[in-house]
Each structure stands twice: as C-alpha cells, then as structure tokens.
Amino acid sequence: MLALSLTNGLVIGIVYALTALGVSLVVGIMNVVNFAHGEFYILAGYFSYLFAHTLGIHPLAAMVIAVGLVFLLGLVVEYTLIRPTYGDDMYSLILTFILSIVFQSLFLLVFGPYPNKPPSWIKGATEVFGLFHYGNQRLAALAAGVVVIALFFAMLKLTWFGRMIRAAAQDREMAELNGINTTRLNLLSFGLGCALAAAAGVILAPVFPVTPTAGTPVALTAFVCVVLGGMGSMSGCVLGGLVLGVVENLGAAYVSTGYKHVFMFLILILVLLFRPAGLFGRREV
Amino acid sequence: MVKAIDNRWWLAAAVAGFAALPWGLGIYHQHVLIVSLFYVMMTASWNLLAGYTGQVSFGHAAFAGIGAYASGILATKVGLNPWLGVGAGTLAAAVFGFLLGVLCLKMGGIYLSLTTLGFSEILHIIINNEYEITRGTMGLQVPGLIAEYSKLAYFYIFLAGAIITLAVVHRLIHANIGLNFRAVQNDERAAAALGVDVVRVRVLAFTVSSALAGMAGALYGHYLLLITPQIPSLDQQFLVLSMTVIGGLGSFAGPVIGAFGLEILSEYIRAYGEYHVLAFGLVALIVARFAPRGLVGVWKQFMDRRRPAA
C-alpha cells in the first residue's frame, strides 16, 4: 500500500512538476500568472486524442503535433492579450481568467462533457521490485516526464536561449542593456510555458482522461507547486511538484479520497503563513 | 450646462422610479430584476476589493456560498428564523473574510488571487463531500424569507439589500478611508510612507466586501429556496468578474451597469443554450482587452472628446 501510493505520487508528481515549470518560467520572466495554464494542458490532451483517435495518426506523432500547436497558440495569446498588460499583473490575471472560461466553454461545445482519452502507448503491467503490479502506461508517463524535464533543464543551462532566460529572470533591465530583446523573449517564454503544460497534458491524458473543466485543478496544482518551490525558482518547483504528488496520494490512501485536493491547499496556506518565500527558498534560476 | 442640482434628489428620483418598475411587469421579468439586484450586490462588493484596493479575489462567490449555506443550514437543522439566518450568514462570511484577509496580508496581488482561488476550491470540495449536511449537488432546500411567496416582496427585499450594499461601498470610498483605499491600490509603498495603515485598509476592505457577499448569497438562497454548489462556483465568480469588468472596474456606477446589462443580455441569449457562457466570455475578453475601464470608461472618454478643453 505504502509503496504503491509512493509510486503513484511520483508519477503524478513528475507531471505536476512539468506543468509547474511552465508557470514558473512565465512568472520568472514576465511576472505574469497565466490562469489559463490548465486549459492549455487540456487542449493538448484533446488535440492528441483528436489526431490519434479520429485522424489515425501515430500516437507519438499526434503528441508532438499537439504540443507544437499549443506552442503556436501560446504565441498568439501572448501577442494579442498579454502584451498590452505588461507591468500590470492584475490586468493580465483578469484577462487570463476570462480566457480560461472561454476555453472551457469551447471545450464543452466541441468535445462535450464526456472524458476523452487518447490511446495508450503501451499495454500491460510490470511487477515493480516484486511488490505490486503497475501499469506500463504510468511507468512510461513517468519516464517521459523525466525526459522532458531533463531536456528543459539542459536547454536552460546549455543553450544560448537558456542563458537569455536566466539573465532576464535575474535582472530584466540588465539583460535588456546587454542587448536582449525582452519583448521577443517574453513571447517565446510564454509559448514555451504553454508548451510545457501541453507536454504534461499529452503525457498524462492516456492515464487520466481530459474533461472540459479539468484544467482548473491542474492549474491550481501548478500554482501551488510554484509557491511551494518559491516563485521563480525552477528546481524548487520540480521538488514542489514531487512533494505535492506524494503528499496527495498518501493523504488519499490513509486519510480520505474525497479530500485529496484539500491537503494541497492546506500545504499552500501553511507555506504562505510560515515560509512565504517557499519551502526551498528563493533562489535564482 | 446642467444646473448643479443636488445629487441626492436625482438619487431619490432614480430609486423611486426603480421601485415602481416591477408593478407593470410579469413574474418572469420581476425574476430577472431580482437576479440582477443580486448581481448588483455581488459586483459592487467585489469592485470595492478589486477596483478600489487592487486585490483581485477569486473567492467572492465562495463568500456568497458561505452566507447562503450558513443561513440555510441554520434554518433547516436548527430551525432558525431565515432573517436571523441572513444576519448569521453575513457574520460568518465577515469572519471568514477577516481571517482570509489577515492570511493574505503579506502577499502581493498574485499570491492573494491564488489563495482565494484555493479557498474557493476547498469550500467546493467540502460542500460536495459533506453530503449529510449540505446535500451536495442535490441542493439544500431552505424556507423562504416571507410566509407567502411573492416576487414583488422579494424584489423590495433585494432592492433594499442592493441599496445597503451600494451605500456601504459609497461611504467607504468617499470617506477619508476611501482615499486611503485608492492610495493603497496605486502605490502601496508610497501610501505606507505617507502614513496610511495599509494593513488595516486591506483587511477592512476584505472583511466588508466578504460580509456584503455573504448577505447577498444568504438572501439569494432564501429566494431560490434551493442552495446548490452553483452559488459558490467558479462560473459564478466569472459572471461577477465579467459584469464588473464590462461595466467598469474601479468606478461606482460600472458594476451596477454591468450587472443589469449582462443579466438582461443573458436572459435574451439564453435561447442559444450552451453558447451563452462563451458569448459572455468573448465579450468580456474584448472589453477587458480594448477598454480596460469598461463601459463607464468608454463613456467618459466620449464625453471628454465632445467637450473641448477649456
């Protein structure tokens, strides 16, 4: 029971971390909290379902196309909605909140209220450490999540673009003085943030089907991870995601399933009360 | 130029005209007016928080839910008089508002919005899980405020509620403390440096605004006679936010215009069923993007342009 809950927590935690990385990136660079973050996750889930199920494209190719499309949509949203709000956090908050409801009603209209599930990548189950049988799809999701997170950090540490992101997150003005086009950086980071949500969506959708309103808890979890890890800290929010995933699943197993998500908010409130800078301190990217 | 007639006379005339309105209308239109008045209470009190102190709370519908459920549960389980229940509901929302306000003290705008959203989700989960007490999504049947159900009587009750709400909001923003409110919104640090007690202003705004939402929710519950998790839902929060933004965030008349305008509009487009939330969202998105001060802002701009600078 304990080992199973821990594994479940780890799988979910990695995907939480992936979603939260997108929020953290956008907060760190633009100081914008995207309330429609969860809807981008759901949209990618729907896209991969649509391409793989309806059009019969190979599931992996469908996933890549889905993430790519959401990235492009993210660029459009940044350009049309977020750009005029620079410097006014409240305004972007209101706009993205309205955007999330628009998305939700669109999903409801197009896909209906039923859960939709893209096909699994692999079937069957594996015995883990001789303890319990665990679905191969979940293990594959765990592996995929780890790979994407590793790729993201490699990009952040090793590439020129990553260096620009880190510079802008540390000191925006200084980065600008050194010739970084921060307007374009904003555009790309917002798109990348949405793409990270999309990656999480396509990875988890075969395990947990998407519904029109499922984006709200996804976004909320990501926000909690970001606060937990310290606003703007990338590694902090990965740790935050893992902690949340494990705590939630232990809580569900030993206390109550119905109150699964309440534990998360209790953690949020406790952290805000006692360690407003986040559990892992505010470190630079 | 218009002669400077005392504003109070205009106000009295407007209220009297409005009070006479439902006499010529059928039950359906009376219902629309009552619901509009509920939204006036909600938007005006949310505007006090978001428009005047810059704290964008996503928990306003949750506070209406606290008011509704507190009053409803007391009426059904303890048999408390619904009028006292409304008082208890208002008080309960005020207490929770005060606590949440204190909790959010050290936080900037974003943290506050996240925490209030989390609060609203917790409330939703509790209502759905504690089926024995709240009847979950089935809804809690509650008694009405008056022995004989009459739309006309409810109209006047809601009119009184809306007037109380608007009076409280008006008083707060036009008193000395209102100046402090706006100072806190514009520049918190500068306000603090000039001796404004930022903490007190923010907690006061949070408590008063939550209490008003609690009152609105409690009245609404006793009007519908059925309290469902729809009252404290994010959809409801979205309606309140859209109405305020479309009417004009941070202006006194904006929320009133937005509440009536959108409620009446939504009755007209109800025929299109599922499309109506989408239509609302798109209108709100366009207004928020191109006219961040809402209809009131557009009107002011228009008047300024017509009147050449002296």
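Residues numbered from 1 in each chain as written. Chains lettered and ligands numbered in written order. Predicted model: local features only at pLDDT ≥ 70, side-chain atom pairs only at ≥ 80, totals over all residues. Heavy atoms only, no water.

Participant: What is the right way to look at the overall build of chain A in this model?
Facilitator: Scanning chain A from terminus to terminus reveals 11 helices and 2 strands. In chain A, the order of α-helices and β-strands from amino to carboxyl end is α-α-α-α-β-β-α-α-α-α-α-α-α. Whereas a compact globule of 285 residues would reach a radius of gyration of roughly 19 Å, chain A reaches 18 Å, a difference of no more than 12%. Across its three principal directions, the C-alpha atoms of chain A cover 55 × 45 × 35 Å. The contacts of chain A with a sequence gap of at least 6 include a subset with a gap of at least 24, amounting to 75%. On chain A, roughly 11,400 Å² of surface is accessible, and the fraction owed to carbon and sulfur atoms is 69%. A gap of 9 Å separates the mean positions of the 13 positive and 10 negative side-chain charges of chain A. (Helix = DSSP H or I, 4+ residues; strand = E, 2+ residues; numbered from the N terminus. Rg over C-alpha atoms; globule rule 2.2 N^0.38 Å. Contact = heavy atoms within 4.5 Å. Areas by Shrake-Rupley, 256 points an atom, 1.4 Å probe, with all protein chains shown as cover. Lys, Arg positive; Asp, Glu negative; His and termini not counted. Charge placed at Lys NZ, Arg CZ, Asp CG, Glu CD.)

Participant: Looking at this structure, how should I read the nonpolar core?
Facilitator: Side chains that are nonpolar tend, in soluble globular proteins, to be buried together. Of all hydrophobic cores here, the largest spans 184 residues; its most connected members are A:Phe35, A:Ile98 and B:Phe158. In terms of residues, this core owes the most to one element, helix H1 (residues 2–30) of chain A, which gives 15 residues. Not counting chain neighbours up to four residues away, the residues in contact with B:Phe158 comprise B:Ile34, B:Leu37, B:Phe38, B:Met41, B:Leu219, B:Tyr220 and B:Tyr223. (Core = buried A, V, L, I, M, F, W, Y, C linked by side-chain atoms within 4.5 Å. Buried < 20%, exposed > 50% of the residue type's maximum accessible area, 1.4 Å probe, protein only.)

Participant: Any chance you could explain the interface of chain A and chain B here in plain terms?
Facilitator: Think of interface size as the accessible area that goes away when the parts come together; that is how it is often given. With 34 residues of chain A in contact, the opposing surface of chain B contributes 39 residues. For the chain A and chain B pair, buried surface summed over both sides reaches about 3,500 Å², with 84% attributable to carbon and sulfur atoms. Seen at the junction of chain A and chain B, the total is 0 salt bridges. Remark: the boundary between chain A and chain B carries 3 residue pairs in polar contact (both at pLDDT 80 or more). Contributions of two or more residues to the side of chain A that touches chain B are made by helix H3 (59–82), helix H4 (89–111), helix H9 (215–229) and helix H11 (260–274) of chain A. Sorting elements by how many residues they give to the side of chain A that touches chain B places H4(A) first, with 14 residues. Here the side of chain A that touches chain B is built from residues that sort into 27 nonpolar, 6 polar and 1 charged. (Buried area = accessible area lost by both parts, 1.4 Å probe. Salt bridge = Lys/Arg side-chain N within 4 Å of Asp/Glu carboxyl O. Polar contact = N/O pair within 3.5 Å; in protein donor to acceptor, adjacent residues only side chain to side chain. Nonpolar A, V, L, I, M, F, W, Y, C, P; charged D, E, K, R; others polar.)

Participant: Help me out: how do you make sense of the confidence of the model for chain B in this one?
Facilitator: Per-residue confidence for chain B averages 82 on the pLDDT scale, and 88% of its residues sit at or above 70. Per-element confidence in chain B is highest for helix H3 (residues 60–78) of chain B, whose mean pLDDT is 90, and lowest for helix H8 (residues 176–186) of chain B, whose mean pLDDT is 65. (pLDDT = per-residue confidence, 0-100.)

Participant: Please clarify how unusual backbone geometry should be interpreted in this entry.
Facilitator: Excluding glycine, a negative phi dihedral is what most residues carry, and trans is how most peptide bonds are arranged. A positive phi is found at A:Asn31, a non-glycine position, where the angle reads about 60°. Structurally, A:Asn31 can be placed in the loop between H1 and helix H2 (37–54). Here B:Leu225, not a glycine, exhibits a phi torsion of approximately 65°, which is positive. Take B:Leu225: it is sitting in the loop between helix H10 (198–224) and strand S2 (226–227). A relative accessible area of 30% places B:Leu225 in the partly exposed class.

Participant: I'm lost on the pattern of salt bridges in this one. Help?
Facilitator: Residues and elements named next belong to chain A. Enumeration over the complete set of coordinates arrives at 1 salt bridge over all chains. Linking Glu-78 and Arg-83 is a salt bridge whose minimum nitrogen-to-oxygen distance equals 3.4 Å. Classification of Glu-78 as buried rests on a relative accessible area of 0%. With relative accessibility at 22%, the residue Arg-83 sits in the partly exposed group.

Participant: For this particular structure, what's the right way to read the layout of surface pockets?
Facilitator: Picture a little ball the size of a water molecule; that probe, rolled over the atoms, points out where space is still empty. All names here are of chain B. Reported here for the second largest pocket is a volume of approximately 720 Å³. As for the second largest pocket, its lining consists of 20 residues, and the residues nearest its centre are Leu-11, Ala-14, Val-15, Leu-166 and Phe-252. Per-element accounting of the lining of the second largest pocket gives the leading share, 7 residues, to helix H1 (residues 7–20). Classifying every residue of the lining of the second largest pocket by side-chain character gives 17 nonpolar, 2 polar and 1 charged. (1 Å grid on protein atoms, 1.4 Å probe; cavity = no way out; pocket = protein on both sides within 12 Å on 5 of 7 lines; lining within 4 Å. Points joined across faces, edges and corners; volume = space filled by probe spheres on them.)

Participant: Help me understand the packing of aromatic side chains, please; the structure alone is not making it clear to me.
Facilitator: Counting across every chain of the model gives 19 aromatic pairs over all chains. Judged by centre distance (5.7 Å) and plane angle (20°), the rings of A:Phe47 and A:Phe51 are stacked. With a gap of 4 residues between them, A:Phe47 and A:Phe51 both fall in helix H2, about one helical turn apart. In terms of burial, A:Phe47 and A:Phe51 fall into one category: buried. Geometrically, the ring pair formed by B:Phe96 and B:Phe119 is tilted, given 6.3 Å between the ring centres and 45° between the ring planes. In this pair, B:Phe96 is assigned in helix H4 (residues 82–103) and B:Phe119 in helix H5 (residues 109–129), connecting sequence segments 23 residues apart. In this structure B:Phe96 comes out as partly exposed when scored by relative accessible area, which is 39%. By way of ring pairs, the aromatic residues A:Phe40, A:Tyr46, A:Phe103, A:Phe107 and A:Phe111 are connected into one cluster. Across from the ring centre of B:Phe290, 4.5 Å away, lies the NZ or CZ of B:Arg289, which sits over that ring. (Phe/Tyr/Trp six-rings, centres within 6.5 Å; stacked < 30°, edge-to-face > 60°. Lys NZ or Arg CZ within 6 Å of the ring centre and 35° of its normal.)

Participant: Whenever I open this one, the packing of helix H2 (residues 27–50) of chain B against helix H11 (residues 234–247) of chain B confuses me. Can you help?
Facilitator: Packed helices, taken two at a time, are described by the angle between their axes plus the distance between the axes. Residue and element names in this part refer to chain B. Put simply, H2 and H11 touch, their axes get as near as 9 Å, and they point 75° apart. With respect to their mutual orientation, H2 and H11 come out roughly perpendicular. From H2, Phe-38, Tyr-39, Met-42, Thr-43, Trp-46 and Asn-47 reach across to H11, where they touch Gln-236, Gln-237, Leu-239, Val-240, Leu-241, Met-243 and Thr-244. When the residues that make up the contact of H2 with H11 are grouped by side-chain class, the tally is 8 nonpolar, 5 polar and no charged. (Axes fitted to C-alpha atoms, helices over the stretch in contact; angles between N-to-C directions. Parallel < 35°, antiparallel > 145°, perpendicular 65-115°, else oblique.)

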